[in-house]
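Spelled out, the chains give:
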Amino acid sequence: MSKKLLVEYVPFKPVGSLNEQSGDAYGVPGGFVVQGVLQRAGAKNQNGRVYPRQILERECRRYQQEYINQHRALGELDHPDSTVINLKNVSHNIREIWWDGDDLCGTVEVLSTPSGNILKELLKAGILLGISSRGMGSTKPLGANKVEVAEDFELIGWDFVSNPSTHGAFMVPVNESVNRGLQQIGTDVCGDYCKAQDLMREIITEIA
């Protein structure tokens, strides 16, 4: 089986107050930091794919060592059709990851780059975005309308996008009133996050 680019999406909605002090606890004075679910193991997502827990655990260990520990776990605003992180479009950096059951959770620092500033303004406007994994790998059939990601999967990182494929997971900002206990938010919200792309285009047009 040939490897191909695999992308997955988790809905993202900040809760609580959004402010520029949320990164203080992570050594980012005045920075903007959010927490939430990055991906879910063992569950069929909106793309019909299932990621086995052992494969995600393996890739998370590698990602921790090669990217997070070296402070270069960068992601972009919107998925490119590429396996390479485009530095001109970087919007955030993954600070830490951990497991909560079968949910892979993370702390994400929103950077003060052009794309990061757009991302920050979208979050402040209450736009429901998503965080989406990007990786290379092949799949194998796993029943009707479902495939399983194979052992050759290689995680590239996570990007912020406007359409998710993993159900029922939202990220939250890190501040005095919100801790790692992730707040459950309903999944019937397509009407909100489907507007994100239009707002993003308007912001980009105004900057240009």
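Quick note: structure is the one above.
Just so we're clear, the structure is a prediction, and the values are computed from it rather than from any experiment.

Definitions and cut-offs
- Residues numbered from 1 in each chain as written.
- Predicted model: local features only at pLDDT ≥ 70, side-chain atom pairs only at ≥ 80, totals over all residues.
- Heavy atoms only, no water.
- Helix = DSSP H or I, 4+ residues; strand = E, 2+ residues; numbered from the N terminus.
- Buried < 20%, exposed > 50% of the residue type's maximum accessible area, 1.4 Å probe, protein only.
- Contact = heavy atoms within 4.5 Å.
- Areas by Shrake-Rupley, 256 points an atom, 1.4 Å probe, with all protein chains shown as cover.
- Pairing = 2+ DSSP bridges.
- Phe/Tyr/Trp six-rings, centres within 6.5 Å; stacked < 30°, edge-to-face > 60°.
- Lys NZ or Arg CZ within 6 Å of the ring centre and 35° of its normal.
- Core = buried A, V, L, I, M, F, W, Y, C linked by side-chain atoms within 4.5 Å.
- Salt bridge = Lys/Arg side-chain N within 4 Å of Asp/Glu carboxyl O.

Points about the overall build of the protein
Item 1. Helices and strands together make up the secondary structure of the protein, namely four helices and 11 strands.
Item 2. Here the protein holds 208 residues, and the buried ones make up 51% of them.
Item 3. Within the protein, counting contacts between residues at least 6 apart in sequence, those at least 24 apart form 71% of the total.
Item 4. Element-wise, carbon and sulfur atoms account for 49% of the exposed surface of the protein, whose accessible area totals about 9600 Å².

Focus: the pairing of strand 10 (residues 154–161)
Item 1. Here strand 10 lies mainly inside the structure; seven of its eight residues are buried.
Item 2. Bridging between strand 7 (residues 129–137) and strand 10 involves seven bridges; their strand directions are antiparallel. Following the sheet pairing, Met136 is matched in strand 10 by Glu154.

Digging into unusual backbone geometry
Item 1. Unlike most non-glycine residues, His71 shows phi in positive territory, near 55°.
Item 2. With respect to the secondary-structure elements, His71 resides in the loop between helix 1 (53–68) and strand 4 (74–76).

Quick look at the packing of aromatic side chains
Item 1. Taken as a whole and assessed by the stated rule, the structure comprises three aromatic pairs.
Item 2. Considering the side-chain rings of Tyr63 and Tyr67, the 5.0 Å spacing of their centres and the 25° angle between planes classify their relative orientation as stacked. Here Tyr67 and Tyr63 lie together in helix 1, a separation of four residues that amounts to about one turn.
Item 3. Between Tyr63 and Trp158 the ring centres are 5.2 Å apart and the planes differ by 85°, which places this aromatic pair in the edge-to-face class. With Tyr63 in helix 1 and Trp158 in strand 10, the pair connects residues that are 95 residues apart, well separated along the chain.
Item 4. Through pairs of rings, three or more aromatic residues link up here, namely Tyr63, Tyr67 and Trp158.
Item 5. Its guanidinium or amino end placed over the ring of Trp99, Arg53 lies 4.0 Å from that ring's centre, counting from NZ or CZ.

Topic: the nonpolar core
Item 1. Ile94, Phe153 and Trp158 are the most contacted members of the largest nonpolar core, which totals 34 residues.
Item 2. Elements represented by at least two residues in this core include exactly strand 1 (4–12), strand 2 (32–40), helix 1, strand 5 (90–100), strand 6 (103–110), helix 2 (114–124), strand 7 and strand 10.
Item 3. Element by element, the count of residues in this core is highest for helix 1, at five residues.
Item 4. Trp158 has contacts with Leu38, Gln39, Tyr63, Gly75, Glu76, His92, Ile94, Leu104, Ile131, Ser132 and Ser133, leaving out every residue within four places of it along the chain.

Thoughts on the pattern of salt bridges
Item 1. One pass over the structure, following the stated rule, counts 11 salt bridges.
Item 2. Notably, a salt bridge pairs Glu151 with Arg58, separated by 3.2 Å at the nearest N-O pair. Of this pair, Glu151 sits in the loop between strand 9 (147–149) and strand 10 while Arg58 sits in helix 1, placing them 93 residues apart in sequence.
Item 3. What makes Arg58 partly exposed here is its relative accessible area of 25%.
Item 4. Connected via shared salt-bridge partners are Arg58, Glu59, Arg62, Glu66 and Glu151.

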